Amino acid sequence: MGIFDSLRRDKKAEPTINAVEIKEAEIQTPEEPTGDEAVSEVETEEIAEEKTAPVSQPVKTYADKKPVEHVVGMTKIIAIINQKGGVGKSTTAINLSAALGEQGKQVLLVDLDPQGNATSGLGVEKGQLNACIYDVLLNDVAIQDAIIPDVCTGLDLVPATINLAGAEVELVSEMARENRLKDAVGSMRGKYDYIFIDCPPSLGLLTVNALVGADKLIIPIQTEFYALEGVTKLLESMKRVKTRLNPSLDIFGILLTMYDGRTTLSRQVAAEVRNYFGDQVFETIIPRTVKLSEAPSYGMPITQYDPSGKGAAAYSELAKEVVNRG
């Protein structure tokens, strides 16, 4: 069900009363039901209410996680990062994680973006959360207490809420502020094959935490004008973190997104990116499709929303390529 379907249903359900109906209601007063009739009507109303009342499912905890059916290998922590917004970071985080989960991997997705797009895109109700990544970073909550298990096959989630918007300021005065996320996700090594971090579109303290906590980076770049704008600053930040805080940090892959093969611009940008980054660019290209844009509003990854579409095929191929890169 889409996010606007309930609003449409409520609108249709609103009774329309005209002046004639009001006048008739004033003249014709129905007799009050008595005895068994009154009881049956009340029971009927209660049954109707029970059928139409929305059922709110409680948020699962890490203790409810299904047993892992395969031996987890060496955990790879990968940040999906680009300081430019609207390049497909959250879309890639959700769909790559889900695709790897469907291919038998154990995946943890950490939503580090205050907008919480990865959280809502997986159908998680933020109002029902007991804890989120903000509590892990600033309130000393164990990351296991914030994990929502099995949001999709093989995929667990550490959600984000709007509380995270204040984390940039609050982290400034904290001890070891750059290592908060590293300490948290590091405790989950050995429990997952992949841990992905969906980063905010900035180079603030949250992004620095992701750079310090990650082993490798996936950088989505849209095949549009200004595609490489800002990537230079990101690479400079990566080099500084690599030199001072995280020597193992490196680029895992460059991902071309929002590709439209019908346009000369997309082809030219794709060629330019491949020429600049060489073998670091994934062979798989993510196409621009309507279904990829629709899927988050239904709280599903593309592999569930449109499993036979181009978007699902692209992310499934990307997942295979990620596994093959080791």
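Everything here concerns the structure above.
Note that the structure is a prediction, hence the values are computed from the model and not measured. Starting from 1, residues in each chain are numbered consecutively following that chain's sequence as written. Restriction of local features to residues with pLDDT of at least 70 applies here, the model being predicted, together with a cutoff of 80 or more for giving and counting side-chain atom pairs; totals for whole chains, interfaces and linings are based on all residues. The side-chain quantities take in all heavy atoms of the structure and omit both hydrogens and water.

Draft legend 1. Structural detail: the pattern of salt bridges. Counted as salt bridges are all cases of a side-chain nitrogen of Lys or Arg within 4 Å of a carboxyl oxygen of Asp or Glu. According to the stated counting rule, one finds nine salt bridges in the structure shown. Notably, a salt bridge pairs Glu-178 with Arg-177, separated by 3.4 Å at the nearest N-O pair. On the accessibility criterion, Glu-178 (22% relative accessible area) is partly exposed. Classification of residues uses two cut-offs on accessible area relative to the type maximum, computed with a 1.4 Å probe and protein chains only: under 20% is buried, over 50% is exposed, and between them is partly exposed. The class of Arg-177 is partly exposed, set by a relative accessible area of 29%. In this structure, the salt-bridge partner of Arg-325 is Glu-321, at a minimum N-O distance of 3.8 Å. According to the relative accessible area criterion, Arg-325 is partly exposed, its value standing at 30%. The class of Glu-321 is buried, set by a relative accessible area of 14%.

Draft legend 2. Spatial organisation of the side chain of Arg-180. Mapped onto the elements of the fold, Arg-180 is located in helix H8 (residues 180-186). Within the local environment of Arg-180, its side chain forms a polar contact with the backbone oxygen of Met-175, the two atoms lying 3.4 Å apart. Look past the residues within four positions of Arg-180 in its chain and what remains in contact with it is Leu-137, Leu-138, Leu-171, Glu-174, Met-175 and Asn-209. Secondary structure is summarised from DSSP: a helix means a run of H or I of at least four residues, a strand means a run of E of at least two, and numbering begins at the N terminus for each. Polar contacts, as used here, are pairs of N or O atoms within 3.5 Å; protein pairs need one atom able to donate a hydrogen and one able to accept it. Residues neighboring in sequence count only if both atoms are side-chain atoms. The criterion used for residue contact is that any of the two residues' heavy atoms lie within 4.5 Å.

Draft legend 3. Seen up close, the packing of helix H4 (residues 89-102) against helix H14 (residues 310-324). Relative orientation of the contacting elements H4 and H14 amounts to 75°, with a least axis distance of 8 Å. Classified by the angle between their axes, H4 and H14 sit roughly perpendicular to one another. Seen from H4, the contacting residues are Thr-91, Thr-92, Asn-95, Leu-96, Ala-99 and Leu-100; seen from H14, they are Tyr-315, Ser-316, Leu-318, Ala-319, Val-322 and Val-323. By the convention adopted, Pro, Cys, Tyr, Trp, Phe, Met, Ile, Leu, Val and Ala count as nonpolar, Lys, Arg, Asp and Glu as charged, and the other residues, Gly among them, as polar. Split by residue class, the contact of H4 with H14 holds eight nonpolar, four polar and no charged. The axes are straight lines fitted to the C-alpha atoms, using for helices just the contacting stretch, and the angles between their N-to-C directions are given from 0 to 180°. Any angle from 65 to 115 degrees is called roughly perpendicular, while one under 35 is roughly parallel, one over 145 is roughly antiparallel, and all others are oblique.

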